[in-house]
Amino acid sequence: MNHKMMALWALLLVATGSSAAQLGDTTIVVKNPNRVTVKDTDNSMQIIIEGKEGNPSWNFSRMRTWNQRSMEITKEHTQFDFALSLPGMKQKRRREAMEYHLPTFFIGLSSALNTPSKMDTPVGSAVEIGFTPIACELPQIGRNVGVVAGMGFAWRNYRMSDDVRFLKQEQQVVLGDYPVGASPKFSRIKTFSMTVPLLLEVRTNKLRGGRFWMNMGPMLNISTYGSLKTRYRMNGEKQKEVDKHIHQQPVTVDFYTSMGHNDIGVYFRYSPCNVLRTNYGPKFQSMSMGLSIGL
């Protein structure tokens, strides 16, 4: 067979993403090769196939040479992944990369715990909002277990709507009454924090509708801002009082956990640390729960 026609024939066989090379009485079929190389010279033609479906390290090479009398010499070489090719042995499953679920965006209801008797901040009276735009994936522990760290931001509120308000007297935050004749609307503490979660995540095997997952771990909060705001009416006129520098705890740690399906989940966040520095305000801790979305 003319060697130029043979080279053309070999190229046509591999053009569709799966290759079949028929040389003499031998047929070799390779599904989805990574690369096929045909080397054609005046007295030889070589076909090299690298990788195949399910085994990217597989390698096959076949060469035919001929002289002026049309005598042919065939050389063939196959290299394969030993662990994947032994008869009777199960193929080792490749570990699929984890897809983590840090709360890219979360919104929930916050409340204060273990408060003084006059301070009432029920669940649902205030909102927290946060973002975690930065993620750092740590080495994967198992097929469906991994660890991820992140960095983000969060705003928390602690809100009262009864007859008690937050007041700042000199350097102290205290609980006080409204002026006589006032109609209270609300009084709240707000904090802003940089958040650094470190979460262990476990997921289920992939199902038809996606995956279920759960994560948990500490969330470090570096609080850089805190303020008070109180609104009420006096003699029919709106009144607003705002104070800053309320001596919030600069560093606190939350216990964070969430669970969900695909990119939607619910979370719970609890901090055993006091929100305000104990020498500057009432002692209370924080708790929140809500919806998390991974984008």
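Everything here concerns the structure above.
Before going into details, it helps to say that this report is about the structure given with it. (Residues numbered from 1 in each chain as written. Predicted model: local features only at pLDDT ≥ 70, side-chain atom pairs only at ≥ 80, totals over all residues. Heavy atoms only, no water.)

**So, the overall build of the protein chain**
Within the protein chain, the regular secondary structure consists of two helices and 17 strands. With 295 residues in all, the protein chain has 39% of them scored as buried. Considering only intrachain contacts with a sequence separation of at least 6, the fraction spanning at least 24 residues in the protein chain is 58%. For the protein chain, the computed accessible surface area is about 17,300 Å², with 56% contributed by carbon and sulfur atoms. (Helix = DSSP H or I, 4+ residues; strand = E, 2+ residues; numbered from the N terminus. Buried < 20%, exposed > 50% of the residue type's maximum accessible area, 1.4 Å probe, protein only. Contact = heavy atoms within 4.5 Å. Areas by Shrake-Rupley, 256 points an atom, 1.4 Å probe, with all protein chains shown as cover.)

**A short note on the pattern of salt bridges**
Taken as a whole and judged by the stated rule, the model has five salt bridges. Asp254 is the partner of Arg156 in a salt bridge, and the nearest nitrogen-oxygen pair spans 3.4 Å. With a gap of 98 residues between them, Arg156 in strand 9 (residues 145–160) and Asp254 in strand 15 (residues 251–261) connect regions that are remote in the sequence. Taking the shortest distance from any N to any O, the salt bridge between Glu241 and Arg165 comes out at 2.9 Å. In this pair, Glu241 sits in strand 14 (residues 237–244) while Arg165 sits in strand 10 (residues 164–169), placing the two residues 76 residues apart along the sequence. What makes Arg165 buried here is its relative accessible area of 9%. (Salt bridge = Lys/Arg side-chain N within 4 Å of Asp/Glu carboxyl O.)

**Concerning the nonpolar core**
Phe166, Ile189, Leu276 and Phe284 are the most contacted members of the largest nonpolar core, which has 13 residues in total. Counting residues per element, the ones that place at least two in this core are strand 9 and strand 10. In this structure, Phe166 is in contact with Met119, Tyr158, Met160, Val173, Val174, Leu175, Ser187, Arg188, Ile189, Leu228 and Thr230, ignoring residues within four places of it in sequence. In terms of nonpolar packing, the next biggest core, distinct from the first, is built from 10 residues, Leu102, Leu199, Met219 and Tyr256 among them. (Core = buried A, V, L, I, M, F, W, Y, C linked by side-chain atoms within 4.5 Å.)

**Remarks on the environment of Phe166**
Looking at where Phe166 falls in the secondary structure, it is placed in strand 10. On the accessibility criterion, Phe166 (2% relative accessible area) is buried. For Phe166 and Leu228, which are 62 residues apart along the polypeptide, the C-alpha to C-alpha distance reads 6.9 Å.

**Things to note about the side chain of Ser111**
When you line up the elements, Ser111 lands in strand 7 (residues 105–113). Separated by 2.5 Å, the side chain of Ser111 and the backbone oxygen of Thr121 make a polar contact. The residues contacting Ser111, other than those within four sequence positions of it, are Thr121, Pro122, Val123, Tyr158, Gln285, Ser286 and Met287. (Polar contact = N/O pair within 3.5 Å; in protein donor to acceptor, adjacent residues only side chain to side chain.)

**Considering the side chain of Glu201**
One can find Glu201 in strand 12 (residues 182–203). With no salt bridge to any partner, buried Glu201 finds its closest opposite charge in Arg203, at an N-O distance of 7.0 Å. Side-chain polar atoms of Glu201 contact the side chain of His101, separated by 2.6 Å. Separated by 3.4 Å, the side chains of Glu201 and Asn215 make a polar contact. (Lys, Arg positive; Asp, Glu negative; His and termini not counted.)

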